[in-house]
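Each chain is listed here by its residues.
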Amino acid sequence: MSKALNYGSYLRVDELLQLQTPRSSGPEHDELLFIVIHQVYELWFKELLHEIEYLQRLLCENDAGRAAHTTRRILAILKTVVAQLDVLETLTPLEFNSFRGFLESASGFQSTQFRELEFILGYKRENVMRHMDDVEEALRRLRQRFEQPTLWDAFLRYLAMNGFAIPPEQLERDVRCPVQASPEVQAQLVEAYRHNATVSNVCENLIDIDEGLQEWRYRHMKMVQRTIGVKSGTGGSPGAAYLGSTLKPFFPDLWAIRAQL
Ligand code: HEM
Ligand SMILES: N[C@@H](CC(=O)c1ccccc1NC=O)C(=O)O
């Protein structure tokens, strides 16, 4: 008879604890923290993608109640991943330098799940896939994500279902293109904020998610500034200056209407 399920066999702890392999010789004390924190991030990215996919389905089914609940969970995770940067910020520049050379050209640029998050939130760019030399399975997932509708597309459907006049060209837009500002959608959003509390709550939930991701980008950039200053990145970018240029919203319409309310 097979052994009864227990903590270790259910969570596959043995395998999990085999997955941290420092590259530095010794190895350097601080490399374990660097590996563990990135692995924890990838797990949270997996969970975020899972929850955002669910949120998309709930919006398409016009289920604002469950959508609000799912958004709260997404936001709690985003707060957690931002807070985790505090741990990595205990890594001083000298501590990081003790193993940075071993990272070669590996970089956060190559996180396929982070790109998947950007795609599902509407920031579609075909060229980021060309820079990925990740395993075939991860690339396949990313390509698939590129072809699929975004959270914003689900939200436009939700608005249309609730009687808002979303132009057909928005509802039928090419989902492989990045989400762009639309004056027609903005006019409908202003109506929603003025006359429909349920829909305007959904809008506030989406802007919370958008702000949450921007918070992560900002804190990551500050961490990079204090750890490597103006050095360029292992991935070949100018480093912090590049990261500053990525601080843009996912849902431009939701930000634009603030001035009209
Ligand atoms: C000491 C810690 C860290 C440093 C110095 C650092 C540095 C950098 C730099 C310089 C870049 C620009 C790309 C390049 O040229 O390499 C970058 C990108 C990136 N990093 Fe980090 N990073 C750190 C920690 C993290 C952590 C903990 C994560 C969590 C997963 C992460 C995820 C990313 C992602 C996703 C990108 C791509 C961002 C984009 O293109 O918008 N990094 N990082
Ligand atoms: N890009 C960083 C290295 C780095 O942080 C990193 C390296 C390998 C895997 C993940 C990383 N994290 C974020 O970029 C640097 O230039 O030092």
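Residues numbered from 1 in each chain as written. Chains lettered and ligands numbered in written order. Predicted model: local features only at pLDDT ≥ 70, side-chain atom pairs only at ≥ 80, totals over all residues. Heavy atoms only, no water.

**Concerning a nonpolar patch on the surface**
Together, Leu5, Tyr7, Tyr10 and Leu11 line one region of the surface with nonpolar side chains, adding up to about 550 Å² of accessible area. Along the chain, Leu11 falls in helix α1 (residues 7–11). (Patch = residues over 30% accessible without salt bridge, like charges linked within 9 Å, V, L, I, M, F, W, Y side chains within 5 Å. Areas by Shrake-Rupley, 256 points an atom, 1.4 Å probe, with all protein chains shown as cover. Salt bridge = Lys/Arg side-chain N within 4 Å of Asp/Glu carboxyl O. Helix = DSSP H or I, 4+ residues; strand = E, 2+ residues; numbered from the N terminus.)

**Details of the UniProt feature "binding site: substrate" (unreviewed entry) in the protein chain**
The residues that UniProt annotates with the feature "binding site: substrate" (unreviewed entry) are Phe34, Ile35, Val36, Ile37, His38, Arg100 and Thr234. The topology assignment puts Val36 in helix α3 (residues 31–60). The partly exposed category is assigned to Val36, whose relative accessible area is 35%. Among the residues examined, Ile37 registers a relative accessible area of 7% and is labelled buried. Residues in contact with Ile37, not counting those within four places in the same chain, are Gln84, Val87 and Leu88. (UniProt positions renumbered as here; feature names shortened; annotations may be inferred. Buried < 20%, exposed > 50% of the residue type's maximum accessible area, 1.4 Å probe, protein only. Contact = heavy atoms within 4.5 Å.)

**What to know about the coordination of the iron atom of ligand 1**
No other protein atom reaches the iron atom of ligand 1 as a donor apart from His220 (NE2), found 2.2 Å away. Taken together, the 6 donor atoms coordinating the iron atom of ligand 1 span angles of 79 to 179 degrees at the metal, a pattern that classifies the geometry as octahedral. Relative to the elements of secondary structure, His220 occurs in helix α13 (residues 197–228). (Donors = N, O, S within 2.8 Å, 3.2 Å for Na, K, Ca; no water. Tetrahedral: all angles 85-135°; square planar, octahedral: opposite > 155°, others 65-115°.)

**Considerations on the side chain of Ser182**
In this fold, Ser182 is placed in the loop between α11 (168–171) and α12 (183–195). What makes Ser182 buried here is its relative accessible area of 2%. Within the structure, the side chain of Ser182 is placed 3.1 Å from the backbone nitrogen of Val185, a separation counted as a polar contact. (Polar contact = N/O pair within 3.5 Å; in protein donor to acceptor, adjacent residues only side chain to side chain.)

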